[in-house]
Amino acid sequence: MRRQALGIAIVFLAGLALACGSSEQQAGTKPGATPNGATAAGAPSESEVVDDARLRGADAEVGEWLTTGRTYSEQRYSPLDQINESTVKRMQEVWQFETGLGRGHEATPIVHDGVLFITGSWSIVFAVDARTGKQLWKWDPQVDKLVAKKACCDVVNRGVALYKGRVYVGVLDGRLVALDEKTGVPVWQMVTVDQSLPYTITGAPRVVDGKVIIGNGGAELGVRGYVSAYDAESGKQIWRTYTVPGDPSQPFESKALEKAAETWKGGEWWKIGGGGTAWDSMAYDPELNLLYVGTGNGSPWVRQLRSPGGGDNLYLSSILALSPQTGELVWHYQTTPGDNWDFTATQHMILADLKINGRVRPVIMQAPKNGFFYVLDRKTGELISAEKYVEVTWADRVDKGTGRPVENPGVDYKEGLALVKPTAFGGHNWHPMSFNPKTGLVYIPTHDILGAYRNEQNFKYQPGHWNTGTDFNVFGLITKDTVSGALVAWDPVNQKEVWRHPYALPWNGGLLSTGGNLVFQGTSDGRFVAYRASDGEQMWEQHAGTSIIAAPVTYLLDGKQYVSVVAGWGGAFGLVSGDVSKGSAGDGKGRLLTYALGTGEPPAPQVVLDRITAPGEVYDGERVYHKYCATCHGGAAVAMEGMKDLRKMSPEMRNSLGDIVLRGALRGNGMPDFADVLTEADIAKLRTYIDHRREESGLN
Ligand code: CA
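Residues numbered from 1 in each chain as written. Predicted model: local features only at pLDDT ≥ 70, side-chain atom pairs only at ≥ 80, totals over all residues. Heavy atoms only, no water.

Trainee: An account of the overall build of the chain is requested, with residue identities and associated values reported.
Mentor: Scanning the chain for helices and strands turns up 11 helices and 41 strands. Burial status across the chain gives 66% buried among its 700 residues. Looking at the chain alone, contacts between residues at least 24 apart form 66% of all its contacts between residues at least 6 apart. Surface accessibility of the chain: about 22,600 Å² in total, with carbon and sulfur atoms responsible for 49%. (Helix = DSSP H or I, 4+ residues; strand = E, 2+ residues; numbered from the N terminus. Buried < 20%, exposed > 50% of the residue type's maximum accessible area, 1.4 Å probe, protein only. Contact = heavy atoms within 4.5 Å. Areas by Shrake-Rupley, 256 points an atom, 1.4 Å probe, with all protein chains shown as cover.)

Take a look at the structure:
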């Protein structure tokens, strides 16, 4: 069997990418500061700490960016307009800060009192002087590199929360930590997960009413999802709400879970965990006093393994409205009942008041992985509308009467291979959207990736490894031509696309829109771009040095507007896309880039796209490789920048492959051993496959 082009079931690997602790390039931390000539550097002045009143009133604080979505409504819109459609052509970089880290950088900066707070890979926190780009402090949680084996989608972190003089961060190994805002010294640390299980934290905490809210991930390997609230002052746990029922022979933690258990039938899901992890998005409405939490996919993915008797499997792939005081469930809306495709609803949720059919409705909006854009009444959870924002083949429509999707025939891969859109990467993933109240549009970073699903033969639960139940080795179906991306401007009232900007690659950055009629986005091919918000006309771009997947922010300092964005290629698609993204991801160095208006001419646009096609034989080793190695070392053995590219391993390493893979010879570098699932015979197969790929890639 010939594998076509880029091969690799990019697709199956979807929301994932695992265990990748090895061979991090550790550049030293270099605050590559180029001071902005226009503003004198100086110690930030003392000002009020960020408290509940300021968080609630964050919309009026145009000079700051106080919480990850800028406001509790998570609109990621700033009214600032000094940089606007007329002036943006004069925008230029004023400084850049290098994190000294490789891998995915997904954080949204928090801006307070002249300081930018970001995270890099491995949950490392930086405080950077917003005027000069100089590091004020750095806190490294010293995560055991082997924890990367638990991380489906790279060792990423999406940022911090700020409250009453403290910086809160969720750490990859499951800790929630409060740091002193001025010094970065830990005040308290709490372990929020059973660290013997494959839980990780990558999402940004939110602080509501003195409580730090945090979820976790791990549903690809097998865990039970939950969200918890900790007292911001003491770190004491206040409540914990599970998103899926546990063992039904034990007492249920709540009425909501007792009810949910009726929708799980015939299986022993609790042994693998069930999933439903709340690994990213939240929003809060202070008037309704509701905290919204998005939940993830089933664990395992295959529904007939999880719940052979059918059922919706509540509360997988749902938006949950909770009381922030008690964690009690007030309402829920499930976007993908009986999820079978890793269609998480953890994607960004935005609160807004929209005039729909002559009536102003308080809505919550989400574009989850499943490809439908949802507008719900956020008071009740009632479905107002849902339409396809990308090509969707798994369902025909969402029925307005029942609020349920109408699945198409043939997409349940019970009987064999199913080609499905979207895929586990999602029509849209964690990359934040933005809602601009002036244009009335939601800007969505979308992906178009063909999905192929097939049951894994003789699936057996293997604790600590990937347990999706799907076959990641369906080759020959995916080519580089089956992936693309687009920035889509969406009218949420009329549920239709207004404009789009297509990209050759998916996995472009999150979004910011402003009162200057601009939308800012970084791209997979390493540019930072400004578009006109109303019609999508490109107004400006600059090369960023590496790919951008995170979302930008904007703020005012000494009367001058700045735009900052974190750059650093990685995440699920970065890890597995191999040749598709190779050549476009830049130097792989994590950076914080900051821009403001200058007087110079805008630099010439640079677009770098260097795609390589690499056909080849399929070996037994290829199957072993893609089941256990590819999600870190890359599809078709083409590794992401900063990861060990096995095609390039030395003859010594090639000889000691068994020691490394079976006996943990490189555990110290973060390379876990696979003695529980692989044998010497498998090592020989792996060697054959890697040799083949090295030859094929002309690396001999
Ligand atoms: Ca997932």
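Structure's up, so let's keep going.
Trainee: How would you summarise helix α11 (residues 680-696) if you had to cite specific residues and measurements?
Mentor: Its 17 residues give α11 an end-to-end C-alpha distance of 24 Å, which sits within 8% of 24 Å, the value for a rise of 1.5 Å per residue. Of the residues making up α11, those classed as buried are Asp682, Ile683, Leu686, Arg687, Tyr689, Ile690, Asp691, His692, Arg693 and Arg694. Looking at the residues trailing α11, positive phi occurs at Gly698, about 70°. (Expected span 1.5 Å × (residues − 1).)

Trainee: How would you summarise the sheet that holds strand β7 (residues 135-139) if you had to cite specific residues and measurements?
Mentor: The strand order across the open sheet built from 4 strands is β4-β5-β6-β7, with neighbouring strands paired in antiparallel fashion. Unpaired on one side and paired on the other, β4 (110-112) and β7 mark the two borders of the sheet. Sheet twist, expressed as the mean angle between neighbouring strand axes with direction ignored, is 15°. Sheet topology note: the strand β6 (residues 125-129)/β7 ladder contains 4 bridges and is antiparallel. Bridging from a neighbouring strand, Ala127 pairs with Trp137 of β7. (Pairing = 2+ DSSP bridges. Axes fitted to C-alpha atoms, helices over the stretch in contact; angles between N-to-C directions.)

Trainee: Account for the pairing of strand β14 (residues 226-231), with residues named and values stated.
Mentor: Taking burial as the measure, the 6 residues of β14 include 5 buried ones, the bulk of the element. Where β14 meets strand β15 (residues 237-242), 5 bridges bridge the pair, whose relative direction is antiparallel. Its bridge partner being in β15, Ala229 is matched across the sheet by Trp239.

Trainee: Give me the lowdown on the nonpolar core, citing residues and values where you can.
Mentor: In this structure, Met91, Phe117, Tyr168, Phe520 and Phe528 are the most contacted members of the largest nonpolar core, which totals 89 residues. Sequence-distant contacts of Met91, that is, excluding residues within four places in its chain, are made with Ile83, Phe520, Phe528, Trp540, Gln542, Val563, Tyr595, Ala596 and Leu597. Judged by nonpolar contacts, the second largest core, of 72 residues, contains Ile356, Ala424, Leu505 and Cys632. (Core = buried A, V, L, I, M, F, W, Y, C linked by side-chain atoms within 4.5 Å.)

Trainee: Kindly report on the coordination of the calcium ion, identifying the contributing residues and their values.
Mentor: Listed as protein donors to the calcium ion are Glu220 (OE), Glu220 (OE), Asn297 (OD1), Asp342 (OD) and Asp342 (OD); their distances from the metal cover 2.4 to 3.2 Å. Coordination of the calcium ion draws on donor residues from a single chain, spaced E-x76-N-x44-D in sequence. Of this pair, Asn297 sits in the loop between β18 (290-294) and β19 (298-299) while Asp342 sits in the loop between β21 (329-334) and β22 (349-356); the two residues are 45 residues apart in sequence, bridging distant segments of the chain. Given the relative accessible area of 0%, Asp342 is considered buried. (Donors = N, O, S within 2.8 Å, 3.2 Å for Na, K, Ca; no water.)

Trainee: I'd like to hear about the pattern of salt bridges, residue by residue, with values.
Mentor: All told, the structure shown has 43 salt bridges when counted by the stated rule. The partner of Asp59 in a salt bridge is Arg70, with the nearest N and O atoms 3.0 Å apart. Of the two residues, Asp59 is situated in the loop between α2 (52-56) and β2 (77-78) and Arg70 in the loop between α2 and β2; the sequence distance between them amounts to 11 residues. (Salt bridge = Lys/Arg side-chain N within 4 Å of Asp/Glu carboxyl O.)

Trainee: Got a sec to walk through the environment of Ala161? Specific residues and values, please.
Mentor: Following the sequence through the fold, Ala161 ends up in strand β8 (residues 161-163). For the pair Ala161 and Ala178, spaced 17 residues apart in sequence, the C-alpha separation works out to 9.4 Å. The residues contacting Ala161, other than those within four sequence positions of it, are Arg166, Val167, Tyr168, Pro205 and Val207.

Trainee: I'd like to hear about the environment of Ala665, residue by residue, with values.
Mentor: Examined against the element boundaries, Ala665 turns out to sit in the loop between α10 (657-663) and α11. Excluding its chain neighbours within four sequence positions, the residues that come into contact with Ala665 are Asp659 and Ile660.

Trainee: So what's going on with the pairing of strand β10 (residues 175-180)? Which residues, and what values?
Mentor: Here β10 lies mainly inside the structure; 5 of its 6 residues are buried. Relative to β10, strand β9 (residues 166-170) runs antiparallel, the two sharing 5 bridges. For Val167, the partnering residue across the bridge sits in β10 and is Leu179. What sits between β9 and β10 in their antiparallel hairpin is a turn of 4 residues, with Gly174 showing a positive phi close to 100°. Here β10 pairs with strand β11 (residues 186-191) via 5 bridges, running antiparallel. From the neighbouring strand, Leu179 faces β11, where its bridge partner is Pro186. What sits between the antiparallel neighbours β10 and β11 is a turn of 5 residues, in which Gly184 has the positive phi angle 75°.

Trainee: How would you explain the packing of helix α7 (residues 620-628) against α11 if you had to name every residue and give the values?
Mentor: Relative to each other, α7 and α11 sit at 100°, their axes nearing to 7 Å. Of the possible angle classes, the one that applies to α7 and α11 is roughly perpendicular. Side by side, α7 and α11 meet where Asp620, Gly621, Glu622, Val624, Tyr625 and His626 of the first sit next to Asp682, Lys685, Leu686 and Tyr689 of the second. Tallied by class, residues from the contact of α7 with α11 come to 4 nonpolar, 2 polar and 4 charged. (Parallel < 35°, antiparallel > 145°, perpendicular 65-115°, else oblique. Nonpolar A, V, L, I, M, F, W, Y, C, P; charged D, E, K, R; others polar.)

Trainee: Requested: an account of the state of the cysteines, with residues and values cited.
Mentor: Taken as a whole and assessed by the stated rule, the structure comprises 1 disulfide. With a sulfur-sulfur separation of 2.2 Å, Cys152 is cross-linked through a disulfide to Cys153. Its torsion about the S-S bond being -100°, the disulfide of Cys152 and Cys153 is classed as left-handed. A relative accessible area of 18% means that Cys152 is categorised as buried. Assessed through its relative accessible area of 16%, Cys153 is described here as buried. Cysteine Cys629 is unpaired, with the sulfur of Cys632 as its nearest cysteine sulfur at 8.8 Å. Its relative accessible area of 12% is what places Cys629 among the buried residues. (Disulfide = S-S within 2.5 Å.)

So yeah, pure geometry; function would need other evidence.
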